[in-house]
Amino acid sequence: MFFVFSLQLSCFGYPLSIFFIVINEFCERFSYYGMRAVLVLYFKYFLQWNDNLSTAIYHTFVALCYLTPILGALIADSWLGKFKTIIYLSIVYTIGQAVMSVSSINDLTDHNHDGSPDSISVHIALSMIGLILIALGTGGIKPCVSAFGGDQFEDDQEKQRSRFFSIFYLSINAGSLLSTIITPILRAQECGIHSKQRCYPLAFGVPAALMAVSLIVFIIGSKMYKKVRPQGNIMIEVFKCIGFAIKNRFRHRSKEFPKREHWLDWASEKYDTVNPILIIIMVPVVDAVIYPLIKKCKINFTPLRKITVGMLLASLAFVAAALVQVQIDKTLPVFPAAGQSQIKVINLGTDGATVQFEPQLKTVNLTSMDYTDYMTFETSQLQSLNVISGNNSTMKPINLPGGQRHTIEIKNTESGIVAEWLDDNVTSKPEEGNNLIRFINNLPYTINVTMGDTSFGTLMTLSASNYSLLAGGRKENIMAIINSNTCSVTSNKFGFGSAYTIVINGCTGNTLDVIYSEDIPPNTVHMAWQIPQYFLLTCAEVVFSVTGLEFSYSQAPSNMKAVLQAGWLLTVAVGNIIVLIVAGASKLSEPWAEYVLFAALLLAVSIIFAVMAYFYTYTDPNEVEAQLDEEEKKQGKKDPNVYEKEGESVSRM
């Protein structure tokens with residue numbers, strides 16, 4: 001028996017209380033996904049962690065967020081109840097978000113005002129404390145909120161309850177969508193007291209504020225909620241029940257005790273709560289190996305079939321991702337291996353030039369202001385470089401370290417051929433859609449170059465600047481100060497993820513004469529090609545996750561609603577762990593191969609799940625519980641003293 005306290009008000013046939021729950025979930029999901037959207041960037045660019053460590057900590061945090069629901073569910077079902085559990089853990093959650101925001105304040109330890117934290121360990125410690133509190137908070141309330149929403153409906157409101165779970169899941173995705181758009185924009189702003197940096201405090205602070213709003217909204221609706229009292233820790237009772245049964249099984253072997261059909265029958269007189277667990281564990285396992293052909297247009301689209309279709313669609317999404325990744329890989333630059341060197345030649349002179357890589361490795365011919373692509377050589381084979389231009393020639397020895405890219409600029413001048421090596425120092429394609437830009441001064445005098453808000457410094461004749469990162473997808477103003485005169489020109493519109501060397505050749509009428517040399521091509525695979533995989537993944541998520549939430553609630557007994565919601569969420573943590581294990585053990589170097597691997601694993605799991613679902617028997621937990629209660633009452637009337645002596649002796653022991 002359980003007790004319910006509520007002041008029920010309705011709106012459009014739904015309990016008014018669920019609207020507070022939906023708003024609460026929207027704000028909480030905005031808070032969680034907003035913080036998570038910039039978390040890896042925070043690890044990489046603020047805490048200065050490498051890609052591997054950032055990814056490992058990120059996945060560990062996500063896994064922890066989906067492991068803690070079990071703790072929250074046990075607290076709710078056995079001790080505090082869902083309402084108080086949500087309140088208390090939301091407070092922990094809000095504190096964690098606030099600590100995370102404080103940890104990202106650059107000026108907190110930047111005592112010398114140089115723009116970098118003086119004690120990065122303080123920021124790391126605060127970040128870890130914040131993430132642990134967030135994991136406890138978000139994981140702890142996850143199973144309680146959805147189950148608490150389901151508790152608001154009466155037994156005859158099954159249709160409304162099913163629709164609630166769809167609305168509930170819609171609020172999750174709405175909060176996620178808005179936050180993943182807004183928080184990166186907030187991060188891109190510059191803020192700080194002593195130095196302007198990426199505004200992580202704002203990117204983390206807004207989610208913290210939304211979590212506080214979520215808590216306030218939930219508290220406002222407190223008088224309208226139907227609050228079910230906790231009915232005991234079913235999981236602990238089950239384990240005690242099993243232990244009790246095993247003890248009795250081995251203690252009562254004499255003939256004076258009647259034989260039981262099953263070893264768990266030894267617990268029947270003490271723990272009737274084993275029955276709800278048996279309701280859940282009704283997954284049919286038989287010796288059939290035949291996979292049923294599912295044709296959704298011809299058969300009833302049951303919840304388990306929806307979940308099966310969701311997994312199949314997710315598998316197709318991975319296939320689509322693999323196909324797109326193959327096309328992306330074709331556009332990626334190939335960098336030299338450890339024993340190789342890549343060389344690019346730029347002819348800055350007005351005459352044509354012939355460049356010979358000795359001993360007889362390769363010969364290239366260039367016209368005026370022409371350049372080659374990067375050519376790959378075995379470093380050990382390169383000995384010298386012979387340049388012929390006009391009536392002049394020169395020989396330069398080659399002594400390169402290997403594993404790097406180099407550019408050699410050549411120019412036929414009145415005093416002879418100039419051949420200068422430039423170290424490119426580029427080992428990967430620019431990230432976040434940025435472009436790498438550098439300048440070469442091909443004028444006979446010193447110049448000072450800026451592009452947009454970025455200064456490239458003072459360049460001597462035939463010298464080159466270092467690469468600098470500039471945002472992609474737009475034009476910038478290039479300005480050079482030449483002998484106290486200012487010349488400028490609007491650059492070409494750069495793409496995303498490219499690298500260019502811009503040669504400054506002259507200035508005519510205050511207009512710069514520049515030539516662009518492409519070092520790394522821009523991204524050419526349009527982002528729209530990701531739409532099919534996201535469409536498939538979204539369809540899979542809708543039929544899988546929404547159905548799973550409703551199914552795990554509807555098939556659970558009354559004292560295991562939150563626990564089963566937690567079990568459903570626990571699969572996400574297990575999934576993250578599987579991803580880490582498979583990715584680490586597979587040794588696949590290509591991303592598309594990993595996508596194919598996960599698609600194959602999903603397909604295999606879908607087949608197994610479909611076979612199991614075919615034999616599953618749907619139950620109404622309320623009816624089963626009522627039948628069990630009725631049977632217990634009848635049994636008690638027939639033989640109230642059965643095993644009474646045995647129970648007394650056991651209790652004394």
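Refer to the preceding data block for the structure.
Residues numbered from 1 in each chain as written. Predicted model: local features only at pLDDT ≥ 70, side-chain atom pairs only at ≥ 80, totals over all residues. Heavy atoms only, no water.

Explain helix H5 (residues 120-151) to me, please; I cannot follow it from the model alone.
Every α-helix winds through 3.6 residues per turn, so residues three or four apart in the chain are directed the same way. With 32 residues, H5 ought to run about 46 Å at 1.5 Å a step, and its terminal C-alpha atoms sit 46 Å apart, in line with that. The axis of H5 is deflected most strongly, by about 30 degrees, at Lys 142, and proline Pro 143 appears within four residues downstream. (Helix = DSSP H or I, 4+ residues; strand = E, 2+ residues; numbered from the N terminus. Expected span 1.5 Å × (residues − 1). Bend = angle between axes of the 7 residues up to and from the residue.)

So what exactly am I meant to see when it comes to the pattern of salt bridges here?
Two side chains carrying opposite charge are able to pair once their charged atoms lie near each other. Evaluated as defined, the whole model comprises five salt bridges. Note that Glu 28 and Arg 29 form a salt bridge whose closest N and O atoms lie 2.7 Å from each other. One exposure class covers both Glu 28 and Arg 29, and it is buried. Sharing partners across several salt bridges, the network here consists of Glu 25, Glu 28 and Arg 29. (Salt bridge = Lys/Arg side-chain N within 4 Å of Asp/Glu carboxyl O. Buried < 20%, exposed > 50% of the residue type's maximum accessible area, 1.4 Å probe, protein only.)

Looking at this structure, I do not really get the packing of aromatic side chains. What am I missing?
The geometry of an aromatic ring pair is captured by the separation of the ring centres together with the interplanar angle, meaning the angle of the planes. Within this structure, the stated rule accounts for 22 aromatic pairs. Centre to centre, the rings of Phe 43 and Trp 49 are 4.9 Å apart; their planes meet at 35 degrees, and the pair counts as tilted. Its relative accessible area of 0% is what places Phe 43 among the buried residues. Trp 49 gets classed as buried once you look at its relative accessible area, which sits at 14%. Note on Phe 494 and Tyr 500: the rings are 5.1 Å apart at their centroids and 45 degrees apart in plane angle, and the pair reads as tilted. With respect to burial, Phe 494 and Tyr 500 carry one shared label: buried. Through a chain of ring-to-ring contacts, three or more aromatic side chains come together here, namely Tyr 42, Phe 43, Phe 46, Trp 49, Tyr 200 and Phe 204. The ring of Tyr 32 is capped by Lys 142, whose NZ or CZ atom sits 5.2 Å from the centre of that ring. The ring of Tyr 374 carries Arg 405 above its face, with NZ or CZ at 4.0 Å from the centroid. (Phe/Tyr/Trp six-rings, centres within 6.5 Å; stacked < 30°, edge-to-face > 60°. Lys NZ or Arg CZ within 6 Å of the ring centre and 35° of its normal.)

How should the nonpolar core be read in this particular structure?
Soluble globular proteins tend to pack their nonpolar side chains together in the buried interior. Core analysis: the largest hydrophobic core is formed by 56 residues, its most contacted members being Tyr 32, Leu 39 and Phe 61. In contact with Tyr 32, other than residues within four places in its own chain, are Phe 61, Val 62, Cys 65, Tyr 66, Tyr 93, Gln 97 and Thr 138. Within the second largest apolar cluster, 21 residues are counted, among which are Ile 447, Ala 480, Phe 494 and Val 514. (Core = buried A, V, L, I, M, F, W, Y, C linked by side-chain atoms within 4.5 Å. Contact = heavy atoms within 4.5 Å.)

Got a minute to help me understand the sheet that holds strand E7 (residues 340-347) in this structure?
Sheet strands pair by backbone hydrogen bonding; their relative direction is either parallel or antiparallel. Taken together, four strands build an open sheet; the order of strands is E10-E7-E13-E14 and the sheet is mixed. Here the strands that pair on one side only, and so sit at the sheet edges, are strand E10 (375-378) and strand E14 (416-423). Across the sheet, the mean angle from the axis of one strand to that of its neighbour is 30 degrees, orientation sign disregarded. By the bridge criterion, seven bridges tie E7 to strand E13 (residues 404-413) in an arrangement that is parallel. Bridging from a neighbouring strand, Gln 342 pairs with Arg 405 of E13. (Pairing = 2+ DSSP bridges. Axes fitted to C-alpha atoms, helices over the stretch in contact; angles between N-to-C directions.)

So what exactly am I meant to see when it comes to the packing of helix H4 (residues 69-103) against helix H7 (residues 200-220) here?
What describes two packed helices is the angle between their axes and the distance between those same axes. The contact between H4 and H7 brings their axes to 8 Å, and the two run at 165 degrees. The pairing of H4 with H7 is recorded here as roughly antiparallel in orientation. Viewed along their axes, H4 and H7 form a crossing whose handedness is left-handed. Within the contact between the two elements, H4 uses Phe 83, Ile 86, Ile 87, Ser 90, Ile 91, Tyr 93, Thr 94, Gln 97, Ala 98, Met 100 and Ser 101 and H7 uses Pro 201, Phe 204, Gly 205, Pro 207, Ala 208, Met 211, Ala 212, Leu 215, Phe 218 and Ile 219. (Parallel < 35°, antiparallel > 145°, perpendicular 65-115°, else oblique. Left-handed = near helix turned anticlockwise from the far one by under 90°.)

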